[in-house]
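Each chain is listed here by its residues.
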Amino acid sequence: MTKSVDDLFNAIMQSAENMQTLVLSAPTSEWAVVFLLGQLSARGHFRFVRGDGGFPDCTLAIEDVNIRIEIELKASQFILHKHPLDGCDAVICWTNDKKLQIPTLELSSLFPNVKTAVFAEIDHSGKRNKVAQTLADRYESIVRLFDTTCTVAKSMPNIVLSAPTSEWAVVFLLGQISAGGHFLFVCGDGGFPDCTFAIEDVNIRIEVELKASQFIRHKHPMDGCDAVICWTNDKKLPIPTLE
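Residues numbered from 1 in each chain as written. Predicted model: local features only at pLDDT ≥ 70, side-chain atom pairs only at ≥ 80, totals over all residues. Heavy atoms only, no water.

Draft legend 1. Focus on the overall build of the chain. Check the secondary structure of the chain and you find six helices and ten strands. In the chain, buried positions account for 51% of the 243 residues. In the chain, once contacts between residues fewer than 6 apart in sequence are set aside, the share between residues at least 24 apart is 51%. Only carbon and sulfur atoms are counted for the fraction: they give 51% of the accessible area of the chain, which is about 11,800 Å². (Helix = DSSP H or I, 4+ residues; strand = E, 2+ residues; numbered from the N terminus. Buried < 20%, exposed > 50% of the residue type's maximum accessible area, 1.4 Å probe, protein only. Contact = heavy atoms within 4.5 Å. Areas by Shrake-Rupley, 256 points an atom, 1.4 Å probe, with all protein chains shown as cover.)

Draft legend 2. A look at the packing of aromatic side chains. Per the counting criterion, the structure on display carries twelve aromatic pairs. On the basis of an interplanar angle of 10 degrees and a centroid distance of 6.4 Å, the ring pair of Trp31 and Phe35 is categorised as stacked. Taken together, the positions of Trp31 and Phe35, both in helix 2 (residues 30-41) and four residues apart, correspond to about one turn of that helix. Here the two residues Trp31 and Phe35 agree in accessibility, since each one is buried. (Phe/Tyr/Trp six-rings, centres within 6.5 Å; stacked < 30°, edge-to-face > 60°.)

Draft legend 3. Region of interest: the state of the cysteines. Throughout the structure, instances matching the rule amount to zero disulfides. Cys187 takes part in no disulfide bond, and the closest cysteine sulfur to it belongs to Cys195, at a distance of 8.0 Å. (Disulfide = S-S within 2.5 Å.)

Draft legend 4. Structural view of the packing of helix 2 against helix 5 (residues 167-178). The N-to-C vectors of helix 2 and helix 5 enclose an angle of 45 degrees; their axes lie 6 Å apart at closest approach. In this view, helix 2 runs oblique relative to helix 5, as classed from their interaxial angle. Judged by the sense of rotation from one axis to the other, the crossing of helix 2 with helix 5 is right-handed. Across the interface between the two elements, Glu30, Trp31, Val34, Phe35, Leu37, Gly38, Gln39 and Ser41 of helix 2 pack against Glu167, Trp168, Val171, Phe172, Leu174, Gly175, Gln176 and Ser178 of helix 5. The residue makeup of the contact of helix 2 with helix 5, split by class, is eight nonpolar, six polar and two charged. (Axes fitted to C-alpha atoms, helices over the stretch in contact; angles between N-to-C directions. Parallel < 35°, antiparallel > 145°, perpendicular 65-115°, else oblique. Left-handed = near helix turned anticlockwise from the far one by under 90°. Nonpolar A, V, L, I, M, F, W, Y, C, P; charged D, E, K, R; others polar.)

So this is what it looks like as structure tokens:
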């Protein structure tokens, strides 16, 4: 297993070399690390097998060897969450602030030009980019985001090996789709809305769900996001929804 973990870490490092311009800011949550890992997997050097954010978070595969991975924002959170050391094969984190007794990969070291994360409330207001001011502008940007997502997804038929079984897995899949740079991840922490994407310098607030009906079940306000992206559209919503 040690060799396979080393091979996985090397594959991630290789992918990171080609993604320096896609990572705009340091992740500020485990959710954002999941998205980043999805981006890193898009080139096919390693594959996502399954995962739902439980322990361990996911199983990745390289050369048909499955590796159980726990994802953390900081390595110290592995201890804080009281995870058993024999429950996973490796840890992938943004900041390695605690030496663990299992293999650990620090992603921040692979993106030296990204500024250190400021752990504060996520700002979805779009101060970095031009924000669509009118409903018409916003809708046009959402249509472009949806069209781009569909086009990229159709060009990646071998990336998705099995249907997502959790919102966590949908986030990972969105990371894979965004890796081409057609739209950018601005911020997100899994709160509401889950994240903000940018396309052509316009920010779009996105709520991610496994099923569209969960948007209603979670009692999210309709005016709190611009669009929903889900795996299964099992409930017609009065806001733009991409299945």
